[in-house]
Each structure stands twice: as structure tokens, then as C-alpha cells.
Amino acid sequence: MDIEMALSKSRIDKAGRSLANPGELTIESMELEEDFDEYRISHLEPLSLTTLELQNWLHGYGSSYYIAQRVKRKPQIVRKLRRLSVRLTQLQDIGGCRIIVENNENVDQLIPFIRDNVTKIGGFSLRRVTDYREKGRDQTGYRSAHLLLERDGRSLELQIRSRIQHYWAESIERTSVIYGRHLKEQEGDPAVIDYFRQLSDVFYEIESSRNPNVQSKVALDRKREQAQRIIYESDKNRIFDSSVNEDIVLTLANMQGGDNDLTNWIMVFNWNTGDFVTWDVVGREAESAKAKYTQYESQFSSEAGFEVVMIGSSDIATIRQTHSHYFGIEKFDTILESLDQSIVGFKTRMDIDVGARQILALLVRKKYWGRKGATIDTLKNHFAKGVNTFESSLSTLRERELVTMSDFQAPVSLNIKKKSEIESYL
């Protein structure tokens, strides 16, 4: 049944008010929370269809990219309703999709590319483009282009970022995990927020081919040291001693769907320790997805320091790029990097495409190192038959000497001398 037929707009907004301003627990308040859950999950199917459609379009785009989706978390929605004093039906980002591309020029190209495809092909509509790249949004310095889409009566938000803009966004997310404050929502010490604002401005100058002067670098580094002291003193749990859990990545990869299937995962993240608690695969069918999402949210509450998130993609390696802070926190002294360290980081983040990463991941999983190799036919038609850019991606890996082949028909194996570099890509 269509959610619009089951619930009126006023009923949905009443559910939002009930969650944002909770009172005594009553039968009606429990029914309103159920209505909220039903409304939220009604975004999943139009979001999944849109993400798959965008993904198909991007095969012909010609540049490297990552794409993933998420259904907004309940605590995040509640905080936004309180912070902005808006109605639930006014929120436009309950269903969200994210595309990460190489640079700002690619963002400029992708916006009309998507607009043209919407006009020619349809399926969903493009209502508005809001560009936060030049000046940054609010006091944090967040930068991205937002496209407001609509499908089947649901508003969906598409974020398009360059790798530098995404590098900044993931840096502030990782820092939020350690700091225990939602920095992108301007929660926390103003000195820490100001550091990220200044860092975003410097990144923008770099992306605009204007190198920051020495004075700017020195001033930024002082702000970084001040912010780092504040965060260090506030972190009672010392979660910066945790590390990326590769077993989780392998397990999720094995649970993944078939070729180009979009898999939705529910992930439970513990802000107290900086790592996963559990995870589960979720289908696209609304009722079962709602049941699982609400079950995990009830079991792992935000008040106890847990975060339950639903993320979808056709490749778990993409999720590691688009939501890397969920895959473990590195050591504390690498969280707030120096500017030079950051530049090295975002320059190497996306220098091979998604298809090349998929091929690397498959070869690693099959342990094709050194003399043990896979034939081109086996790799292309069996192990990597879902990689649409197989030839060009394999050529990239060969040029970078990440794989060894005597010629284009020879067996393919991973270059053992490049083991650390290969692992860094995955």
C-alpha cells in the first residue's frame, strides 16, 4: 500500500513532532513512532531504484567515481527536526545518495550530465541544484553539490563531491567519532569547528590551483594543534587505539549480492569503542527492511553510544570509500593530519577506478600472488564478469605494475612487490 494512502501529511508531521518532543509514553506515541518508521522506510525503494539508474548512467560517464546510498538514521532525523524547527515532511534528505568523483571539474560535468539524462530518460525528476562548493555551508566548511530529486512522491538528496571535499568530510566524521560530538552539526568546541572550517577553505584554494602561503599553513597548523589538545582531553575511552577490522570487510564482501546487485546493509557502530558491533544484510522490500532497522535501533540505542545505519551499494569496497569512518579508526595522531599529510592522502585516494579496485579485491580474495595467476578468460567471464570497465581497468593495473602479465593474453597475478600499495587501495 502507498504510504500516502495509509498516512496523511498531517499524521506524518505529527509523528515527527512526537519524536522530536517526546512526552509520556502512551499507546498513541507508540503508534506515531510506528508511523514514523513506515514513512522513513518508504524512501528505500525509490532511493534504490534511483541509485541503480544513476549507476547505469555513470558507466558511460568516462571518469572514476564511487556511488552509494543511505536511509537517514532516526537520531539524526530527530536532531535535525529540533535544530531547524521544521516538519518531518519538509525534510528532503531522508533518502540520500552520494557520488564521489575526481575533482571539481568532474562535479561541474556531472551535474549537466545527470540533468540531461533525467530529461531524456526520466524515471525521476530533478527539482533543484544547491551548490555549497565555493563558500561552504554553515560554520563547519562543508562543501558539496546537492541535487534534490523526486521519485514516486519522495524527495531524495544526491550529493556530488570531489575527492578533496570527501576527504574533508570523512576527516570530520572520523574526528567526531573520537571527540564524541557531531561536528558537522556544529556541536562541540568552537575551536575544533573553526579548525575544520579553515581546513576546508585551504582545501578549496588547493582545488582551485592556488597554493596556500606559508602564513596560512602555519596558522592552520596552530589551529590543528589546539583542536587536537581539546579532543585528546575529552576522549575518555581512548578509542584511537582501535584499528580497521579487515575481517568485517571480508565477511560483508562474501554476503554481497550478485553482479551489479544493490545490497543494503544495516551496520551497528559503537561510538564508545570506535568499531562495529554487528551487521546484517537487508532487502529492498519495505516491510522487512523497516522491521530490521527498527529492531536494531531498539536494541542499540543512540543514548548508549550506538549508531545504527542503513547503507547500500553494489560493492562493499565502495562503502569503504564513501563511509570510511565506519570501518575502524586509525591511531589518534593520524586523525588530525598536517596539511602536507592531507594532500598526500587525497591525491592517492582515487587514482584507480572502481573496476580496478574490484579486480584487485577479487585477485586478493583468490590469493593470486606472484606465480599463481588467473587467465584473462577466467577473470573476465567468471570472477570479474560484473566489472563493466574490465579492459580499461586491467590496463590501469598493468600500467601501475599492480598486476604482472607478460602480455595481454598471459595469466594475471598480483605483484608481490606492490603488496602494501595494493592493500592500501583495498
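Note that this is a predicted model, so its numbers are computed, not measured. (Residues numbered from 1 in each chain as written. Predicted model: local features only at pLDDT ≥ 70, side-chain atom pairs only at ≥ 80, totals over all residues. Heavy atoms only, no water.)

Asks: Could you give me a rundown of the overall build of the chain, with the residues and numbers involved?
Replies: Helix and strand content of the chain: 17 helices and ten strands. By sequence separation, contacts in the chain at least 24 residues apart represent 70% of the contacts at least 6 residues apart. For the chain, the computed accessible surface area is about 19,600 Å², with 47% contributed by carbon and sulfur atoms. (Helix = DSSP H or I, 4+ residues; strand = E, 2+ residues; numbered from the N terminus. Contact = heavy atoms within 4.5 Å. Areas by Shrake-Rupley, 256 points an atom, 1.4 Å probe, with all protein chains shown as cover.)

Asks: Requested: an account of a nonpolar patch on the surface, with residues and values cited.
Replies: Together, Leu25, Ile27 and Met30 make up a nonpolar patch on the protein surface, roughly 360 Å² of accessible area in all. Structurally, Leu25 can be placed in the loop between helix 2 (9-20) and helix 3 (27-41). (Patch = residues over 30% accessible without salt bridge, like charges linked within 9 Å, V, L, I, M, F, W, Y side chains within 5 Å. Salt bridge = Lys/Arg side-chain N within 4 Å of Asp/Glu carboxyl O.)

Asks: If you had to explain the environment of Glu157 to someone new, which residues and values would you point to?
Replies: Counting through the fold element by element, Glu157 comes out in strand 5 (residues 154-162). Judged by relative accessible area, Glu157 falls into the buried class, the value being 15%. It is 4.9 Å that separates the C-alpha atoms of Glu157 and Asp93, two residues lying 64 residues apart in sequence. Leaving out residues up to four positions away in the same chain, Glu157 has contacts with Gln92, Asp93, Gly95, Gly96, Cys97, His146 and Leu147. Side chain to side chain, Glu157 and Gln159 meet in a polar contact 3.3 Å long. (Buried < 20%, exposed > 50% of the residue type's maximum accessible area, 1.4 Å probe, protein only. Polar contact = N/O pair within 3.5 Å; in protein donor to acceptor, adjacent residues only side chain to side chain.)

Asks: Lay out the packing of aromatic side chains with the relevant residues and their values.
Replies: For any pair of aromatic rings, geometry is given as the distance between the ring centres together with the angle between the planes. For the coordinates displayed, the defined rule picks out six aromatic pairs. Feature note: the residues Trp168, Tyr195 and Phe196 constitute an aromatic cluster, connected by ring pairs. Lying across the ring of Tyr132, Arg137 places its NZ or CZ 5.3 Å from the centre. (Phe/Tyr/Trp six-rings, centres within 6.5 Å; stacked < 30°, edge-to-face > 60°. Lys NZ or Arg CZ within 6 Å of the ring centre and 35° of its normal.)

Asks: Can you explain unusual backbone geometry? Please cite residues and give values.
Replies: The residue Asp152 is not glycine, and still its phi comes out positive at about 50 degrees. Tracing the chain through its elements places Asp152 in the loop between strand 4 (145-151) and strand 5. The phi dihedral of Lys367 is positive, around 60 degrees, even though this residue is not glycine. For Lys367, the location among the structural elements is in the loop between helix 14 (354-365) and helix 15 (376-383).

Asks: Residue-level account of the nonpolar core, with values.
Replies: Ile99, Ile114, Leu158, Ile160 and Met310 are the most contacted members of the largest nonpolar core, which has 34 residues in total. Excluding residues within four positions of it along the chain, Leu158 makes contact with Leu54, Cys97, Arg98, Ile99, Ile114, Ala145, His146, Leu147 and Leu149. (Core = buried A, V, L, I, M, F, W, Y, C linked by side-chain atoms within 4.5 Å.)

Asks: Describe the packing of helix 7 (residues 163-179) against helix 8 (residues 190-207), naming the residues involved and giving the relevant values.
Replies: With their axes 10 Å apart at the nearest point, helix 7 and helix 8 run at an angle of 165 degrees to one another. On the basis of the axis angle, helix 7 is roughly antiparallel to helix 8. In this structure, the crossing between helix 7 and helix 8 has a hand that is right-handed. Every residue of helix 8 that contacts helix 7 at Ile164, Gln165, Tyr167, Trp168, Ser171, Ile172, Thr175 and Tyr179 is listed here: Val192, Phe196, Leu199, Ser200, Phe203 and Glu207. Partitioned by chemical class, the residues of the contact of helix 7 with helix 8 number nine nonpolar, four polar and one charged. (Axes fitted to C-alpha atoms, helices over the stretch in contact; angles between N-to-C directions. Parallel < 35°, antiparallel > 145°, perpendicular 65-115°, else oblique. Left-handed = near helix turned anticlockwise from the far one by under 90°. Nonpolar A, V, L, I, M, F, W, Y, C, P; charged D, E, K, R; others polar.)

Asks: Describe the confidence of the model for the chain, and please don't skip the residues or the numbers.
Replies: Confidence along the chain averages 82 in pLDDT terms, with 83% of residues attaining 70 or more. Per-element confidence in the chain ranges from a low mean pLDDT of 52 for helix 10 (residues 246-255) to a high of 97 for strand 4. Considering only residues more than four positions removed or in separate chains, one finds that residues 237-246, a stretch of pLDDT under 50, has 25 contacts. Here residues 329-335 scores under 50 on pLDDT; set against residues more than four positions off or in separate chains, the count is 20 contacts. (pLDDT = per-residue confidence, 0-100.)

Asks: Got a sec to walk through the pattern of salt bridges? Specific residues and values, please.
Replies: Per the counting criterion, the structure on display carries 29 salt bridges. Within this structure, Glu33, Asp37, Arg40, Lys74 and Glu297 form a network of salt bridges that share partners.

Asks: Go over helix 2 with me, naming the residues and quoting the values.
Replies: With twelve residues, helix 2 extends 17 Å from end C-alpha to end C-alpha; this agrees with the ideal 16 Å at 1.5 Å per step. Buried within helix 2 are the following residues: Ile12, Asp13, Ala15, Gly16, Ser18, Leu19 and Ala20. (Expected span 1.5 Å × (residues − 1).)

Asks: Go over the pairing of strand 8 (residues 306-313) with me, naming the residues and quoting the values.
Replies: Along strand 8, seven of the eight residues are buried, which leaves the element largely enclosed by surrounding structure. Where strand 1 (residues 65-71) and strand 8 come together, three bridges link them in antiparallel fashion. Within the sheet, the bridge partner assigned to Arg70 lies in strand 8 and is Ile311. As judged from the eight bridges shared by strand 6 (residues 263-270) and strand 8, these two strands associate in the antiparallel manner. Directly across from Ile266, in strand 8, lies its bridge partner Met310. (Pairing = 2+ DSSP bridges.)

Asks: Can you lay out the pairing of strand 2 (residues 95-101) for me, pointing to particular residues and giving the numbers?
Replies: Among the seven residues that make up strand 2, seven are buried, leaving the element largely enclosed by the rest of the structure. Because side chains alternate across strand 2, one face comprises the buried residues Gly95, Cys97, Ile99 and Val101, and the other comprises Gly96, Arg98 and Ile100, equally buried. Note that strand 1 and strand 2 share seven bridges and pair antiparallel. Looking at the pairing, Ala68 lines up with Arg98 of strand 2. Where strand 2 meets strand 5, seven bridges bridge the pair, whose relative direction is parallel. Within strand 5, the position partnered with Gly96 by the bridge is Glu157.

Asks: An account of a positive patch on the surface is requested, with residue identities and associated values reported.
Replies: Together, Arg365, Lys366, Lys367 and Lys372 line one region of the surface with positive charge. Tracing the backbone through its elements, the reader meets Lys366 in the loop between helix 14 and helix 15. (Lys, Arg positive; Asp, Glu negative; His and termini not counted. Charge placed at Lys NZ, Arg CZ, Asp CG, Glu CD.)

Asks: An account of the packing of helix 7 against helix 9 (residues 214-234) is needed here, citing residue identities and associated values.
Replies: In the contact formed by helix 7 and helix 9, the axes pass within 9 Å of each other and the chain directions differ by 40 degrees. The orientation of helix 7 with respect to helix 9, classified from their angle, is oblique. Between helix 7 and helix 9, the residues in contact are Thr175, Ile178 and Tyr179 and Ile230, Ile231 and Ser234, respectively. Of the residues contributing to the contact of helix 7 with helix 9, the split by class is four nonpolar, two polar and no charged.

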